[in-house]
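Structural description and commentary
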Amino acid sequence: MTLPARFADLKATIAASYPDFEQNATRSWGEILQELDKVTKIIKEEGVDYIPQVNFADLNNLSKEEVEKIKRRGTVVIKDVVPDEQAMKWKEQLAEFVTVNPTVEGVPEHDKQFFQLYWTKPQVQARSHPNVLAATVWLNNLYRTSSATKNLKLEGVDLNVPLTYADRFRIRKPGVQWALHPPHVDGGTIERWEDSRFRRCFENIFTGNWRMHDPFELEGRLDARSSLYGRPNQSTVFRTFQGWLALSETAPTQGTLKVFPDVLLSNAYLILRPFFTPTVPSDSEEIYDIKNWKFDLSKPDFPGILPRDGGYYGPRPTPELHPNLKLNETMISVPKVNPGDTVFWHCDVVHSVEIEHTGKGDSAVMYIPAVPLTPQNQAYIERQKIAFLEGQRPPDFPKGEGEAGYLGVASVDDVISQEGKRAMGLVVEGVA
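What you see is a predicted model, and the numbers here were worked out from it, not measured in a lab. (Residues numbered from 1 in each chain as written. Predicted model: local features only at pLDDT ≥ 70, side-chain atom pairs only at ≥ 80, totals over all residues. Heavy atoms only, no water.)

It is worth spelling out unusual backbone geometry at this point. Pro108 follows Val107 through a cis peptide bond whose omega is -10°. Looking at the element boundaries, Pro108 is found in the loop between β3 (106-107) and β4 (114-115). Across the junction of Gly314 and Pro315, the peptide omega takes the value -5°, indicating a cis bond. The topology assignment puts Pro315 in the loop between β12 (311-313) and α12 (327-330). Not every positive phi belongs to a glycine, and Asp80 is a case in point at roughly 60°. Residue placement: Asp80 occurs in the loop between β2 (75-79) and α4 (84-100). Of note, the phi angle at Thr253 is positive, near 80°, even though the residue is not glycine. Mapped onto the elements of the fold, Thr253 is located in the loop between β7 (241-246) and β8 (257-259). Residue classification places Thr253 among the partly exposed residues on the basis of a relative accessible area of 42%. (Helix = DSSP H or I, 4+ residues; strand = E, 2+ residues; numbered from the N terminus. Buried < 20%, exposed > 50% of the residue type's maximum accessible area, 1.4 Å probe, protein only.)

Evaluated as defined, the whole model comprises 23 aromatic pairs. Where Phe276 meets Phe295, the ring centres are 5.7 Å apart and the plane angle is 75°; that geometry is what we call edge-to-face. Taken together, the residues Phe276 in strand β9 (residues 276-278) and Phe295 in strand β10 (residues 293-295) connect sequence positions 19 residues apart. Given the relative accessible area of 2%, Phe276 is considered buried. Site record: aromatic cluster; members linked through ring pairs are Tyr18, Phe21, Trp29, Phe206, Tyr269, Phe275, Phe276, Trp293 and Phe295. In this structure, Lys71 is placed above the aromatic ring of Phe216, and the distance from its NZ or CZ to the ring centre is 5.1 Å. Against the face of Trp244 rests Arg170, its NZ or CZ located 5.9 Å from the ring centre. (Phe/Tyr/Trp six-rings, centres within 6.5 Å; stacked < 30°, edge-to-face > 60°. Lys NZ or Arg CZ within 6 Å of the ring centre and 35° of its normal.)

Written as structure tokens, this is what we have:
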């Protein structure tokens, strides 16, 4: 699907903004293709074992090498964040909620399993659980300021103060195919190129220093506009990591998360992809040779960016448009999780949900990301707080019936920690 002609002008503007852009981008593109050829083979060989797993109790005792592995792969399973019994109880309560409130919106419509619900008691309790918040603080602190500003305090930013971003939950049944979430990246679509502030996150890629790109550099994220078009279901906050809390046992092939586990490489490839056109078929073995790609600013296409709901969706990489990622081989399922485990993935990670669920029980999770205190995030929390108190849907999500009339909706009393109240904007003073 062709994008508006103005996006060809956007490419030309970006190219003109960086000295020797064509030369540097072409050199980088060749290096990235070679590196992908090597790394994708390793990912395919190691499979699920490529995804780091750590225990919640060990987070502050990990070696530098373990932390760097988590950062490069962009995904981590944190085990035993919440007691199994508590997580299973929350699942039972969620199932009961949708039973006693049969009109809740969900999909598939004939057999609801993914629910437009945000303020049930289990959700509010889980988001405010001290261990869940502590895990997100640890993740937030993987980010850093650049060397140029490392001694400056960023006003209104505190990575040690977690905020709550209300999202939904799923209770997925076995045997049901699920094509809702093919490989994609959240947290900004065409904005990654169109918004000059967002582009700063990828400065080293644009300047030809792609190996120096740091997905965990903080500054560009703080004021990036990730939703220029106000499309529903597009996050307007800075989530350091997306994540979910497991409410059931879920293993590979049982409807779990899949990721491309190298956020540096996928960022470098996706950001430069719009500036190159292949001259051989995408399934050709020659697709890894730089001579079979040409630098091209003539077309408005940004492969994987699609018009939707008055804005844009994506990046949504596909084997045809992004052949060097070898998505059919490198989208790796996360390891088996138990109730109370969490899975987190960096906000730039390419991820999807397995189409098949071959297990015997439900695959149930609550979506809970890691969100730090920033001025932009705090402003959203203030708006979200009003939605909570009024039993309405949070601002970033599709408009529709709220939860105020449902049985069993949470109140302020269901926020189970002082940190949780601060995270929801219910108190603004320091946490006691």
